[in-house]
Amino acid sequence: MQTQTVKIVITGPFNAGKTEFIRSVSEIDVVSTERKITYAPEKVKETTTVAMDFGRITVDNDLVLFLFGTPGQKRFDFMWEILSEGMLGFIVMVDSARPETFREARSILETFHAYAPTPYLVAANKQDLYDAWDVEDMRLALRLDPSVKILPCEATKKSSVKNVLLELLYSILEEMDRHESDQGQP
Amino acid sequence: MTLKGNLKDFTFTQLLNLINLANKSGALYVERPGFASRVVFQNGKLTFFESGEEKPSLLKILTDHQLITASQHRLLRERLTEQSEREIGIYLVNAGYATLDQVLEVLEKEYANQLRPVFTWDDGFFRFETGEVSPEDRIPVRLDLSNLILEGARELQEIEELKAEIPSLEMALKFTERPGTDIRKINLNSTEWRVISYVNPKNTIEQIAATTKLDEIEIRRVVYTLLQAGLVEIIRPDGMPVALPGQALPVNKPKENRPLIKRLIDRIRSI
């Protein structure tokens, strides 16, 4: 039997915690394309993703979920469209303690939604930090519609990552319900 | 949870909008070199504003808004030397100089005027301290933020339009080649003349602004006016990227499969 693969994309600005998010739930070591950072303004961490991160969750013999993490820096945005192709939905990771990245997060969200109007949600990462913005303040700052889910997240905690992934899947089901009711199906 | 950041990333108008929508109570501190201000809110309404700059007294504000005359101002100032602003306000209302509504309205206008320059700041730190209230010796107002936000948004829009028209101040200006136009016969104000006198392909707009002591917005306004009048044209440096028209993006809709999603949910729950 041929194995079916589906994917969810994890996107967001540089240093939002995308790689960590995938690492927390992937059953394989994340296949990462991290490189040492040489560009001084981005040296808030030692390495960054330059093409994509790749994690895997096997559901059973014939179904596998792939988690793709996008590179956070704008100069690698040519990868975004490729990664978004055929995705079930996407998660926008935002560093809750770095409001200077909110505008970029909003721009990434709009870009991905334009590439593929699939369900998505926003994960307000690093909520454990002292400087973290309140989730509802972030909703206003990111100009999110009340119907868009924004969830507190700590990408280093498996339970928190699971919760975010589950909420996205619930959103996908809700979207199916809406689609079916629009079509007049039972 | 704190609410802090830089106006580079989050405009003052966006902050007011957030405070308004979330009905926040507390004090917003906005600071940049040479200027610090504190704006106090109660349930999303502005109640008090102060800045590091010397603030006009209540009596001066009421005089400027013609609620009291200059001679009344002099007399009251001599008489009410020890009283706080709140006590002066109560005295004026009780003595029939003005109604409470008039005093509040004038103060609201004054705060709005004093806040106006902050709307166009594109740099400066801010932080919001929840729970802080107006000083007890001042008269708290109840200024609805909706109009302020609209006004701020309009100003920002003007700036955005100016930036779109003049994307970089590193560009230079040159006079348009219009035979027969005598620039001396054109009505320009003194600021425009100052700028005109430095128009030269060798001078960038930024250098002209520095020389004429105009800030980024003021120089853009003047250059925009001169452009509209057809007096000057912008010389774009070589290599400046030209904006490409938006491209239609391909859309992929995944196959919707409810059982598949439910299997994924079960699997993730079990991790």
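If you're wondering where the values come from, they're calculated on a predicted model, not measured in any experiment.

Reading the values: the criteria
Residues numbered from 1 in each chain as written. Chains lettered and ligands numbered in written order. Predicted model: local features only at pLDDT ≥ 70, side-chain atom pairs only at ≥ 80, totals over all residues. Helix = DSSP H or I, 4+ residues; strand = E, 2+ residues; numbered from the N terminus. Buried ≥ 20, exposed ≤ 12 C-beta atoms within 10 Å, placed from the backbone. Contact = placed C-beta atoms within 7 Å. Nonpolar A, V, L, I, M, F, W, Y, C, P; charged D, E, K, R; others polar. Pairing = 2+ DSSP bridges. Core = buried A, V, L, I, M, F, W, Y, C linked by C-beta atoms within 7 Å. Expected span 1.5 Å × (residues − 1). Arc of directions from axis to C-beta. Axes fitted to C-alpha atoms, helices over the stretch in contact; angles between N-to-C directions. pLDDT = per-residue confidence, 0-100. Parallel < 35°, antiparallel > 145°, perpendicular 65-115°, else oblique. Left-handed = near helix turned anticlockwise from the far one by under 90°.

### Thoughts on the overall build of chain A
Part 1 of the reasoning: Of the regular secondary structure elements, chain A holds five helices and seven strands.
Part 2 of the reasoning: Reading the helices (α) and strands (β) of chain A from amino to carboxyl end gives β-α-β-β-β-α-β-α-β-α-β-α.

### Focus: the overall build of chain B
Part 1 of the reasoning: When helices and strands are tallied, chain B shows 10 helices and seven strands.
Part 2 of the reasoning: A burial count over chain B gives 24% of its 271 residues as buried.
Part 3 of the reasoning: Within chain B, contacts between residues at least 6 apart in sequence are counted, and of these 75% link residues at least 24 apart.

### Considerations on the interface of chain B and chain A
Part 1 of the reasoning: Listed as interface residues are 27 residues of chain B and, on the opposing side, 36 residues of chain A.
Part 2 of the reasoning: Put simply, the parts of the chain that give the side of chain B that touches chain A at least two residues each are strand 1 (3-6), helix 1 (12-21) and helix 10 (258-270) of chain B.
Part 3 of the reasoning: Sort the elements by how many residues they give to the side of chain B that touches chain A and helix 10 of chain B lands first, with nine residues.
Part 4 of the reasoning: Taken together, the residues that form the side of chain B that touches chain A break down as 15 nonpolar, five polar and seven charged.

### With respect to unusual backbone geometry
Part 1 of the reasoning: For A:R143, which is not glycine, the phi dihedral falls at a positive 55°.
Part 2 of the reasoning: Phi angles above zero are rare outside glycine, and B:N23 is one such case at about 50°.

### Overview of the pairing of strand 2 (residues 26-32) of chain B
All names here are of chain B.
Part 1 of the reasoning: Pairing of strand 2 with strand 3 (residues 35-42), which is carried by seven bridges, proceeds in the antiparallel orientation. Within strand 3, the position partnered with E31 by the bridge is A36.
Part 2 of the reasoning: Between strand 2 and strand 3, which follow one another and run antiparallel, lie two residues, and G34 among them has a positive phi close to 85°.
Part 3 of the reasoning: As paired elements, strand 2 and strand 5 (residues 125-130) share six bridges and run antiparallel to each other. Within the sheet, the bridge partner assigned to G26 lies in strand 5 and is T130.

### Remarks on the environment of B:N203
Part 1 of the reasoning: Along the chain, the position of B:N203 falls in the loop between helix 7 (190-196) and helix 8 (205-212).
Part 2 of the reasoning: With 15 C-beta atoms packed within 10 Å, B:N203 lands in the partly exposed category.

### Things to note about the nonpolar core
Part 1 of the reasoning: With 84 residues, the main nonpolar core has A:I8, A:I10, A:I91, A:V92, A:V94 and A:A123 as its most contacted residues.
Part 2 of the reasoning: In this structure, A:I91 is in contact with A:I8, A:I10, A:Y120, A:L121, A:A123, A:V164 and A:L168, ignoring residues within four places of it in sequence.
Part 3 of the reasoning: B:L173, B:A209, B:V222 and B:V223 belong to the second-largest nonpolar core, a separate cluster that totals 10 residues.

### Details of helix 3 (residues 102-115) of chain A
Residue and element names in this part refer to chain A.
Part 1 of the reasoning: The terminal C-alpha atoms of helix 3, which comprises 14 residues, lie 20 Å apart, in line with the 20 Å expected from a rise of 1.5 Å per residue.
Part 2 of the reasoning: Listing the buried residues of helix 3 in full gives F102, A105, I108, L109, F112 and Y115. All buried residues of helix 3 fall inside an arc of 140° around its axis, so they share one side.

### What about the sheet that holds strand 5 of chain B?
Residue and element names in this part refer to chain B.
Part 1 of the reasoning: The strand order 1-5-2-3-4 describes an open sheet built from five strands, whose pairing is antiparallel. For this open sheet the edge positions go to strand 1 and strand 4 (45-51), each flanked by a neighbour on one side alone. For this sheet, the mean inter-axis angle between neighbouring strands, taken without regard to orientation, is 15°.
Part 2 of the reasoning: Sitting on the sheet, helix 5 (residues 100-119) touches strand 2, strand 3 and strand 4, and the angle it makes with strand 4 is about 70°.

### Details of helix 8 of chain B
Residue and element names in this part refer to chain B.
Part 1 of the reasoning: Considered for burial, the residues of helix 8 that qualify are I205, I208 and A209. End-on view of helix 8: buried residues confined to an arc of 100°, all on one side of the axis.
Part 2 of the reasoning: Each element contacted by the buried residues of helix 8 is listed here: strand 6 (172-175), helix 7 and helix 9 (216-228).
Part 3 of the reasoning: Directly beyond the C-terminal end of helix 8, a positive phi value near 60° is found at K213.

### So, the confidence of the model for chain A
Part 1 of the reasoning: Of the residues in chain A, 82% have a pLDDT of 70 or more, and the chain-wide mean is 84.
Part 2 of the reasoning: Per-residue pLDDT, averaged within each element of chain A, yields its smallest value for strand 2 (residues 31-36) of chain A (61) and its largest for strand 6 (residues 120-125) of chain A (97).

### A closer look at the confidence of the model for chain B
All names here are of chain B.
Part 1 of the reasoning: Taken over all residues, the pLDDT of chain B has a mean of 82, while the share at 70 or more is 88%.
Part 2 of the reasoning: Counting interchain partners and residues more than four positions distant, the pLDDT-below-50 stretch residues 237-255 has 13 contacts.
Part 3 of the reasoning: Among the prediction metrics, the complex's ipTM stands at 0.85, with pTM recorded as 0.59.

### Some details on the packing of helix 1 (residues 18-25) of chain A against helix 5 (residues 158-182) of chain A
Residue and element names in this part refer to chain A.
Part 1 of the reasoning: Two numbers describe how helix 1 lies on helix 5: the axes approach to 9 Å, and their chain directions differ by 100°. Classified by the angle their axes make, helix 1 and helix 5 are roughly perpendicular. Here F21, S24 and V25 of helix 1 come into contact with helix 5, specifically with K158, V161, K162 and L165.
Part 2 of the reasoning: The class makeup of the residues in the contact of helix 1 with helix 5 is four nonpolar, one polar and two charged.

### Section: the packing of helix 8 of chain B against helix 9 of chain B
Residue and element names in this part refer to chain B.
Part 1 of the reasoning: Relative orientation of the contacting elements helix 8 and helix 9 amounts to 115°, with a least axis distance of 10 Å. By the angle between their directions, the pair helix 8 and helix 9 is classed as roughly perpendicular. Helix 8 and helix 9 meet at a crossing whose hand is right-handed. Contact residues: helix 8 offers I205, I208 and A209, while helix 9 offers E216, I219 and V223.
Part 2 of the reasoning: Here the contact of helix 8 with helix 9 is composed, by residue class, of five nonpolar, no polar and one charged.

### Overview of the pairing of strand 3 of chain B
Residue and element names in this part refer to chain B.
Part 1 of the reasoning: Bridge count for strand 3 against strand 4 is six bridges, and the pairing is antiparallel. Bridge pairing in strand 4 links R38 to E50.
Part 2 of the reasoning: Hairpin connection of strand 3 to strand 4: two residues between the antiparallel strands, including N43 at a positive phi of 50°.

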